[in-house]
Amino acid sequence: MLFLPILGFWIANEPSVKPIETSLPPAIGSEVLLDQSLPFDTPIEIKPFVIEGSVENFDPEARAEELAKTFPRKWCGIYSSFDEESNVEVILTFDKASPIGQIVDLKGEMTIGDIKTPIHGNLNAKSDQLELIPLSDKLIPGLEPGGTFISLQGAKLFGWKSSRLDNPGGRLELNDKCDKKISKAPNLITIW
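A short tour of the structure in this document, coming up. All figures in this text were calculated on a predicted structure; none of them were measured in a lab.

The next thing to look at is the packing of aromatic side chains. Under the defined criterion, the tally for this structure stands at five aromatic pairs. Taking the centre distance of 5.7 Å and the plane angle of 40° together, the rings of Phe71 and Trp75 count as tilted. When its relative accessible area of 9% is taken as the criterion, Phe71 is described as buried. Look at Trp75 and you get buried, because its relative accessible area is 4%. Seen in terms of ring centroids, Phe149 and Phe158 are 6.3 Å apart; in terms of plane orientation they differ by 75°. Their pairing is edge-to-face.

Our next topic: the sheet that holds strand β6 (residues 148-151). Spatially, β1-β2-β3-β4-β5-β6-β7-β8 is the arrangement adopted by the eight strands of the closed barrel, whose pairing is antiparallel. Taking the axes of each pair of neighbouring strands and ignoring which way they run, one obtains an average angle of 30° across the sheet. Judged from the five bridges that link them, strand β4 (residues 115-124) and strand β5 (residues 130-134) form a sheet pairing that is antiparallel. Its bridge partner being in β5, Ile119 is matched across the sheet by Pro134. Sheet contacts for helix α1 (residues 60-70): β2 (87-100), β3 (103-112) and β4; angle to β2, the most-contacted strand, approximately 130°.

What counts and what doesn't
Residues numbered from 1 in each chain as written. Predicted model: local features only at pLDDT ≥ 70, side-chain atom pairs only at ≥ 80, totals over all residues. Heavy atoms only, no water. Phe/Tyr/Trp six-rings, centres within 6.5 Å; stacked < 30°, edge-to-face > 60°. Buried < 20%, exposed > 50% of the residue type's maximum accessible area, 1.4 Å probe, protein only. Pairing = 2+ DSSP bridges. Helix = DSSP H or I, 4+ residues; strand = E, 2+ residues; numbered from the N terminus. Axes fitted to C-alpha atoms, helices over the stretch in contact; angles between N-to-C directions. Contact = heavy atoms within 4.5 Å.

Structural measurements only, silent on function.
So this is what it looks like as structure tokens:
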């Protein structure tokens with residue numbers, strides 16, 4: 001361990017060594033005297049108060065139970081990779097929706113082009129954030145194992161978050177009305 005010497009500063013017309021002044025608290029003896037002037041029988045009065053403003057009465061657990069029953073089980077759409085000009089048709093079906101606290105646990109299958117993969121999802125009933133995780137180890141065009149689809153507002157629009165930094169990701173647009181045809185034009189939906 002290296003110790004540096006204490007350096008003194010030279011100030012004009014001042015002695016080079018000044019005594020160190022410290023103020024220590026007075027020593028407290030082993031006995032502490034209690035102030036007997038406070039009456040112990042004084043009643044304490046508690047005054048009522050009113051909280052003004054809004055109070056959140058939203059119950060995310062009840063909404064999660066409702067969403068588990070009413071969440072659409074089939075979604076159709078298009079996945080567009082940011083680095084390619086291709087659009088791939090997607091069909092998403094959920095077999096199971098279970099409420100766990102304020103989260104709805106979703107399990108099902110996703111068909112991307114010609115490839116099917118099991119999928120696991122978590123829907124937050126309070127914030128409507130949805131995360132879908134493809135569980136396949138197959139190489140899906142534009143998607144890689146380990147990535148996730150993330151949506152901040154339900155199941156209509158997702159962003160692909162790749163497991164690698166050099167993959168720019170993509171965009172997944174879904175619709176719960178699968179009887180409508182979706183065009184192959186980028187980011188356009190045509191209803192016939």
